[in-house]
Structure formats: C-alpha cells, structure tokens
Amino acid sequence: MNRRLLALSGVAALTVLLAGCIFVGAPRPSESRLPPSPEGQTAQTAAPSSTATPLAPSPVASSPADADALDCGDGGSQIASGSDRSFRVTGTCAELTVTGSALTIDASGVTVSTLRITGDRIRTQVAGADEVIVEGDDGAVTSAAGIGRLEIRGDRTTTEAASGIPSVTVRGHDNVVRSGGGVGSAVVSGSGNKIR
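What counts, and at which threshold
Think of each chain on its own: its residues are numbered from 1, step by step along the sequence as written. At least 70 in pLDDT is required for a residue's local features to be given in this predicted model, at least 80 for side-chain atom pairs to be given and counted, and no such filter applies to totals for whole chains, interfaces and linings, which use all residues. Computation of side-chain values covers all heavy atoms of the structure but excludes hydrogens and water. We call a residue buried when its accessible area falls under 20% of the maximum for its residue type, exposed when it is over 50%, and partly exposed in between, using a 1.4 Å probe and counting protein chains only. For helices the rule is a DSSP run of H or I covering at least 4 residues; for strands it is a run of E covering at least 2, with both sets numbered from the N terminus onward. When DSSP locates at least two bridges between a pair of strands, those strands are taken to pair. Salt bridges, as used here, are contacts in which a Lys or Arg side-chain nitrogen is within 4 Å of a carboxyl oxygen on Asp or Glu. Note on disulfides: each one is a pair of cysteine sulfur atoms within 2.5 Å.

Asks: Lay out the pairing of strand 5 (residues 158–161) with the relevant residues and their values.
Replies: Here strand 5 shows a buried face lined by Thr-159 and Ala-161 and an unburied face lined by Thr-158 and Glu-160. In this structure, strand 3 (residues 140–143) lies alongside strand 5, joined through four bridges in parallel fashion. Paired with Ser-143 across the bridge in strand 5 is Ala-161. Where strand 5 meets strand 7 (residues 176–179), four bridges bridge the pair, whose relative direction is parallel. The residue bridging Glu-160 from the neighbouring strand is Arg-178, located in strand 7.

Put into structure tokens, the structure is as follows:
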C-alpha cells in the first residue's frame, strides 16, 4: 500500500511539475491581402508584424459639411486641386478647373461657362455648363440642366445632363453620355462608348 501511495504521490508531483512547464508561445503573426488598387494592379501581401499595434481610427469620408469652400463670385474663376478631397463651389464661374484624383466637387448650385477636369476618379455636380472638357479616367459629371459642348478624352467617364447636349466628342473607351433632352452631333472614337 505504501508503494501504491508513493507511486500516486510521484505521479501527482510529476503532473504538477509538467503543468508548470507548458510552453505558451507568442501569437503567430497573420498575413493579410490588400485589395486591388484603383488602377487595377495586383494585390500585394502585407508584411506580418511581430508586435501588436493598435489600429488608428479610419478616416471618415468627406461630407458636404467638411468640404473646402471655393467662391467664384460673379463670373470669376476657381481651381480645385488635390487628392481625396471635397470642394463646395458657390457663385457664377466663368471657368472652374479641377485637377487631381479622387475629388468630389459640389457645384450643384453653380452655372459654369467652362468646366475643365483633369485627373482620375473626379466626381462633379453642376447646375449647368456651356462647355465641359474631361481628360482622365473613371470620372462622373452630372448637370441639373444642359451642357452646351462636351469633350471627353479618357476612359470610363459617365456624364449625365437633365436637358440636351448639342455637341459631344469622345476619344476613349467605355464612356457613357446620357441626356434627358437628347444629344446633337456626336464624334466618337474608341470602343464600348454609349451615347444616349
């Protein structure tokens, strides 16, 4: 009986000793995949981190309340430029020039004589425009009235006008032009363009 008691005591002591020696390793870093870039490049692998770091809060998308203000006054000109920004335009613009990428332009209360857009992923709203010239890709132009003359040089731009567009020139691919009042003369070069 003493042998049995001694054996059980030894097993219990060995179990306690081994339980204290269990190795708990640091968490293994994980590897994540980044989404494809807007230019359509292949996703890249993010490098794993050996230490945990707190995440920074995500930036909040711009709303009209935090848009930068631009005022054309009565027939003046303005330039909106940059990247990942929003602008609110007021007044009556003889010329509004927009350059950059991922811009949002709210000129929905403004009639523009000449609207020039150069860059990619630029979204613009106007009350109306005599002339709109777009050089870039993946943009959008919306007019609450008509557009006198529209010229697009680039790919995948969507233009919508509530009333007519008398003159359209498109040089590029997969552009869409819609007009509630119809389109007058159209010169189109490139594939996949839709003029309605």
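Asks: Could you give an account of the pattern of salt bridges, naming the residues involved and the relevant values?
Replies: Scanning the model with the defined rule gives ten salt bridges in all. One salt bridge connects Arg-149 with Glu-131, and the closest N-O pair in it is separated by 2.6 Å. Of this pair, Arg-149 sits in strand 4 (residues 147–153) while Glu-131 sits in strand 2 (residues 123–135); the two residues are 18 residues apart in sequence, bridging distant segments of the chain. The partly exposed category is assigned to Arg-149, whose relative accessible area is 28%. For Asp-138, the salt bridge goes to Arg-156, with nearest N and O atoms at 2.6 Å. Of this pair, Asp-138 sits in the loop between strand 2 and strand 3 while Arg-156 is found in the loop between strand 4 and strand 5, placing the two residues 18 residues apart along the sequence. A residue is classified by how much of its surface remains accessible, and Asp-138, at 24% relative accessible area, is partly exposed. Note on Arg-156: relative accessible area 39%, which makes it partly exposed. Via salt bridges that share partners, Glu-131, Glu-135, Arg-149, Glu-151, Arg-153 and Arg-171 belong to a single interconnected network.

Asks: Just give me the short version of the state of the cysteines, but keep the residues and values in it.
Replies: Summed over the entire model, instances satisfying the criterion amount to one disulfide. Cys-72 shares a disulfide with Cys-93; S-S distance 1.9 Å. A torsion of 85° about the S-S bond marks the disulfide between Cys-72 and Cys-93 as right-handed. Neither residue differs from the other here; Cys-72 and Cys-93 are each classed as buried.

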